[in-house]
Structure formats: C-alpha cells, structure tokens
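Single-letter residue listing:
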Amino acid sequence: MEQKKKIYNAYTQILREELMAAMGCTEPIALAYAAAIARRTLNDIPEKVVVQSSGSIIKNVKSVIVPNTGNLKGIPAAVSAGIVAGNPDRELEVLSEVSEEDIKNIEKFMQEKEIIVEHLDEGIIFDIVITLYKGEDYAKVHIINSHTNVVLIEHNHKILKSSDCLTDMPSDLSNYNMLNMKDIWDYVNHVDIEEIREVLDKQIDYNMAIAKEGLESDYGANIGKVILSTDTNSLKARAAAMAAAGSDARMNGCELPVIINSGSGNQGITVSVPVITYAKELKVTEEKLYRALALSNLTAIHQRTPIGRLSAYCGAVNAGAAAGAGIAYLSGGDYEAVIHTVINALAIVSGIICDGAKASCAGKIAFAVEAGILGYHMYVQGQQFYGGDGIVKKGIEDTIKSVGRLGKDGMKGTNEEIIKIMLE
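Residues numbered from 1 in each chain as written. Predicted model: local features only at pLDDT ≥ 70, side-chain atom pairs only at ≥ 80, totals over all residues. Heavy atoms only, no water.

Things to note about the overall build of the protein
A tally of regular secondary structure across the protein gives 17 helices and 8 strands. A compact globule built from 424 residues would reach a C-alpha radius of gyration of about 22 Å, and the protein, at 21 Å, matches this within 12%. In the protein, buried positions account for 58% of the 424 residues. Within the structure as shown, the protein displays about 16900 Å² of accessible surface, and the carbon and sulfur contribution to it stands at 48%. A gap of 3 Å separates the mean positions of the 41 positive and 54 negative side-chain charges of the protein. (Helix = DSSP H or I, 4+ residues; strand = E, 2+ residues; numbered from the N terminus. Rg over C-alpha atoms; globule rule 2.2 N^0.38 Å. Buried < 20%, exposed > 50% of the residue type's maximum accessible area, 1.4 Å probe, protein only. Areas by Shrake-Rupley, 256 points an atom, 1.4 Å probe, with all protein chains shown as cover. Lys, Arg positive; Asp, Glu negative; His and termini not counted. Charge placed at Lys NZ, Arg CZ, Asp CG, Glu CD.)

Re the pattern of salt bridges
One pass over the full model with this rule turns up 10 salt bridges. Shared partners join several salt bridges into a network, and the residues in it are Arg90, Glu93 and Glu97. (Salt bridge = Lys/Arg side-chain N within 4 Å of Asp/Glu carboxyl O.)

A look at a negative patch on the surface
Negative charge collects at one region of the surface, where Asp121, Glu122, Glu416, Glu417 and Glu424 lie side by side. Relative to the elements of secondary structure, glutamate 424 occurs in the segment after helix H17 (412-423). Assessed through its relative accessible area of 81%, glutamate 424 is described here as exposed. (Patch = residues over 30% accessible without salt bridge, like charges linked within 9 Å, V, L, I, M, F, W, Y side chains within 5 Å.)

Re the environment of lysine 288
Looking at the secondary structure, you find lysine 288 in helix H12 (residues 286-304). With 95 residues separating them in the primary sequence, lysine 288 and isoleucine 193 have C-alpha atoms 9.8 Å apart. Setting aside anything within four residues of it in sequence, one finds lysine 288 in contact with Tyr329, Leu330 and Gly332. (Contact = heavy atoms within 4.5 Å.)

Brief notes about the pairing of strand E7 (residues 158-162)
Where a strand is regular, its side chains alternate between the two sheet faces. By the bridge criterion, 4 bridges tie strand E6 (residues 150-155) to E7 in an arrangement that is antiparallel. Along E7, the bridge assignment pairs glutamate 154 with isoleucine 159. Between E6 and E7, which pair antiparallel and follow one another directly, the connecting turn spans 2 residues, one of which, asparagine 156, has a positive phi of 50 degrees. (Pairing = 2+ DSSP bridges.)

Focus: the side chain of aspartate 102
Within the element layout of this structure, aspartate 102 appears in helix H5 (residues 100-112). Arginine 39 provides the closest opposite charge to the buried, salt-bridge-free aspartate 102, at an N-O distance of 9.9 Å. Residues in contact with aspartate 102, not counting those within four places in the same chain, are Val84, Ala85 and Glu97.

Re the sheet that holds strand E2 (residues 48-53)
Strand order in the open sheet formed by 6 strands is E3-E2-E4-E5-E6-E7, with mixed pairing between adjacent strands. Strands at the two margins of the open sheet, each flanked by one partner only, are strand E3 (114-119) and E7. Ignoring which end each strand starts from, the neighbouring axes of this sheet average 10 degrees apart. Two strands pair when backbone bridges link them, and E2 and E3 are joined in this way by 6 bridges, in the parallel orientation. Each bridged residue has a counterpart across the sheet, and for valine 49 the counterpart in E3 is isoleucine 115. Contacting E2, E3 and strand E4 (127-134), helix H4 (residues 75-85) crosses the sheet at an angle of about 125 degrees to E2. (Axes fitted to C-alpha atoms, helices over the stretch in contact; angles between N-to-C directions.)

Taken by themselves, the reported measurements are silent on function.
Dropping the structure here:
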C-alpha cells in the first residue's frame, strides 16, 4: 500500500510539472528565456551577444518562427527577443508580453548589435550558454538538458547561481524511473481527478484553441486543412487534422500558448487534441476524458524518458502512440488494448526523424496520430506485431526500452548528419 501511494504521488507530480504552458517552439523560447535572465543580470542593453548552443538546439531553432517577433526565425531572433522584451519570470511564456514597439526594437537590435552564434559540442544534446557584454561588464547564463534548467548565472566573475542538476527531467529522476504501463493504467483508473483537473483543463482549453486557430487561419503548409479537404467525414481524419492544425499554427508564428508534454508543445498537442476530439464524438463523460488524457500524457512521458528531451527520433511518434492509447481507453479498451495499441503504433512509425522544428512537423504529427489509431484498430481486429518483428520486443516495457535505445543511442550519428545537412 505504501509503494502504491508513492507511485500515485509521483505520477501526480510528474503531470503537474510536465504539463506547463509555453508560447512558441520550446527551443527558441529556451534561448529567449536564457537571454532574458542574462539581460536582467547585466542590468543593461548589451553591445555584444555570444550564443553557444549544441547542434540539436541549432537544428530545432533554424527554421521555426519565433512568436511576437514579426515572423523572424532563428537563434539571433530568439535571443534578441529575450533581451529586448523578455520577462524571465514567465519562463516558457517569456515572450508573452511583447508590444508592437518591442517588435520594432527586436529587429533593430539584431541589425545593430554583434550577435555571434557558436556550435557548442560538449557531448550534451541540450546545451545553451548565452553571454552578454557591455563594456567591461558581462553576464552569462547556462541551461542544460531541459528548457528551464538553469545551472549557472554569472555576473562579472561572481557566481550568482550554480547547480549540478543535470538531469533530462525537471523533477526528481526517481519519479520518472517509477513509470511503467501497468502502474500508469492503475493510476489513471483510480486517481482523484480533482488533483489533476487544473492542469488538464488548461491542456484542453489551450491546445484546442490553437488547433482551431490553425484550421481557421493560414499557417505554414496548412496540413490540417489539407487533410480535411480530402476526408471530411471520418473521425480519424478529423483527429489527425486537428492535431496537425495546432502544429501548423505553433510552428509558424501563432502567439497562442500550448500545454507541453516532455518539453515539447508539438508533443503536448499530439497527446491531447486527438483524444479530446474523440471524446467529443463519443460523448463520453468529463471524468472519462480526464482519465484518458492522464493516460495519454503519462504514456508519452514514459516513452520519452529513456530518449531524453532532444533526439533525431521524432517526438510525435511517442505522442501519437500515446494518443492511440487514450483513444483506446475512450473506446472501452482494457489494459491489453492500450499496450498493444502502443506497440503496434511504435512498430509502424518509429523511423520518422526529427530534422528540427518547422512546418513539416504538422505532417509528421498527422501520420503519428493515424498510426496510433491504426494500432488500436489492429488490436480490435485481432492483429498485432510480435516480439522479434524488427525492434519490437516481447511486452510493452521491453519494447519501450528498445525504442528508447534507438532514439537515444542508435540515432546519435543520424542527429549529427542531420545537423551537418541543415548547416550546409
């Protein structure tokens, strides 16, 4: 009983910490956050900016629009926005208070100030160091492994903050090590909804709002609209289209916030929007929707934990499989239906690469969601992939470990080659 209570509390804490609000793609926002902290520490507008970042950060920031910058892209835009108009107290909503005048000043700062971007290759996938200079004064901020994990704040050789917290996760890593599908299933069926209602309400409100915005306006390649133009009747198509539309908007300058999952807004959209879309169509109770969302969120986090925040392995794959699990639950599926849905989905789309944040993420999300739904329908019809079929292992936990190994270790070389291609 004591162990069950420990697991229950750990899972609740994970949901409360992971499901946080962010405006824009989280990698440029992390840069803006670090820059805003450095600007506050320097207490002046810098003359020179040096940005050192790992290849995966460079990859994820290169092609995505930074919100509230007048559609500017890239590292200089993200850092300039944080310096000129960022509020570090808002963390991943650091650019939520930018004015029209600020937008003009951001572009002016980029044109007038020296901004140096260097590839930081210290063997850490998620690594950001920003140093601001004004005369003899400087301020330095270092973020490692997750978007708000500030491990150093330094001002004129004085250490204001130093931390050895180098984990990939924002909480006690032991909480994440407790994750497994059997206990996740037990948790979602017994959790007191009032303990997680607030974070799930925000996920429903924020992520559906940006999905609707993506369908109603013109963003990126309009993947959501394209899907609906070819299939307006099926629930599967609507679920995939809504999720894709949220990414269409988010990757292409929409200023609406999202509730993230595993440090990613795209993953946050993918685990939630299809599940909410199905819940409305199936007319399930509010409680059942909350439990399905808890399942999809924790399933995605569990899959992502052995991989880490950034990889050449596309996070939409994990999130789409998790959305399939939530949809299986809404449709009356039991534990076996849920875990086989995840295994089937992972077997289908685990080859999708992450080549940075940009418009095509919406297309990858659509395919991942469809794979999750297909994984469930396979199970319903008595079909499944078995241990030994490629990277699929016998059982859900060994399959998740297998995919985690692929995403973290197997794709290191792929990640490096992707970065080289993008920087040519």
